[in-house]
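# Structural features, examined
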Amino acid sequence: MNLVYIHGANATSESFNYIKSKLGNGLDINYDSRNGFENNLAAMKISLIATKNIFFVAHSLGGIYALHLANAMPDAVKGAVTLSTPYGGAEVADYAQYFLPFSRLMRDIGPSSWVMKQSRNIKIQHPWTNIVTVKGQSPFMHEANDGVVTIVSQKHHADMELVEVDYNHYEVVLSDVVVKLIKERVNKFKK
């Protein structure tokens, strides 16, 4: 089993240090959101071309990359656990792009972006779990949210396992409860 860690937007693989201390190291995929989703995805595909038996552990936007990668290379992937991933898009981005017109990230993550439209149409082909974070509240969103993305967006894909945890968008990567959930799913493939 090859664990592949993909961090969220504007973060680095360092955000997985606690989880890796419990699960073990794997392949860290780093990217820069300013390069655009399409360019980052192409680079990720190249870096994974020789890797088999992939199990993704991804946070937030990293989960969207994992979904696109699993769709592009289904024979190489075993499954995934994603954390706080907004499969329906980040609603606030559709508005924020008017205030940040040069932000590539805002154009990529809004529900009306091509990235999210395609993500909503990808059929999950592997065992897939999204850890849904339900604690937190951003004043910029009228729906229940984890401080960054809405809970509805995290639950957008009905064809995956959804597990709610009482953490916010950032606490999720520091939780022993979450580590246990990931371990349980990874261990299914080690037998």
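Scope of this entry: the structure provided in the associated data block.

The rules behind these values
Residues numbered from 1 in each chain as written. Predicted model: local features only at pLDDT ≥ 70, side-chain atom pairs only at ≥ 80, totals over all residues. Heavy atoms only, no water. Helix = DSSP H or I, 4+ residues; strand = E, 2+ residues; numbered from the N terminus. Axes fitted to C-alpha atoms, helices over the stretch in contact; angles between N-to-C directions. Parallel < 35°, antiparallel > 145°, perpendicular 65-115°, else oblique. Left-handed = near helix turned anticlockwise from the far one by under 90°. Contact = heavy atoms within 4.5 Å. Buried < 20%, exposed > 50% of the residue type's maximum accessible area, 1.4 Å probe, protein only. Core = buried A, V, L, I, M, F, W, Y, C linked by side-chain atoms within 4.5 Å.

This paragraph deals with unusual backbone geometry. The phi dihedral of Asn10 is positive, around 60 degrees, even though this residue is not glycine. If you trace the backbone, Asn10 turns up in the loop between strand 1 (2–6) and helix 1 (17–23). Its identity is not glycine, yet Asn53 carries a phi of approximately 50 degrees, on the positive side.

Let us now look at the packing of helix 2 (residues 37–48) against helix 3 (residues 61–72). The interhelical angle for the contact between helix 2 and helix 3, taken along N-to-C directions, is 55 degrees, at an axis separation of 10 Å. By the angle between their axes, helix 2 is oblique relative to helix 3. Handedness of the crossing formed by helix 2 with helix 3: right-handed. Here Phe37, Asn40, Leu41, Met44, Lys45 and Leu48 of helix 2 come into contact with helix 3, specifically with Leu61, Ile64, Tyr65, His68, Leu69 and Ala72.

Before going further, it helps to spend a moment on the environment of Pro139. Within the secondary structure, Pro139 is located in the loop between strand 5 (128–133) and helix 7 (151–154). Note on Pro139: relative accessible area 75%, which makes it exposed. In the structure, Pro139 is positioned 133 residues away from Ile6 in sequence and 28 Å away in space, judged by C-alpha atoms.

Moving on, we come to the nonpolar core. A general tendency of soluble globular proteins is for nonpolar side chains to be buried together. The biggest cluster of nonpolar side chains holds 32 residues, and the ones touching the most others in it are Ile6, Phe56 and Trp128. Of all the secondary-structure elements, those providing two or more residues to this core are strand 1, helix 2, strand 3 (54–59), helix 3, strand 4 (77–83) and helix 6 (114–121). Counting residues per element, this core draws most heavily on helix 3, at seven residues. Every residue in contact with Ile6, bar those within four places of it in the chain, is listed here: Phe16, Ile29, Tyr31, Met44, Phe56, Val57, Ala58, His59, Gly62, Tyr65, Ala66 and Leu69. Grouped together as the second largest cluster of nonpolar side chains are 19 residues, Phe55, Ile131, Val163 and Val179 included.

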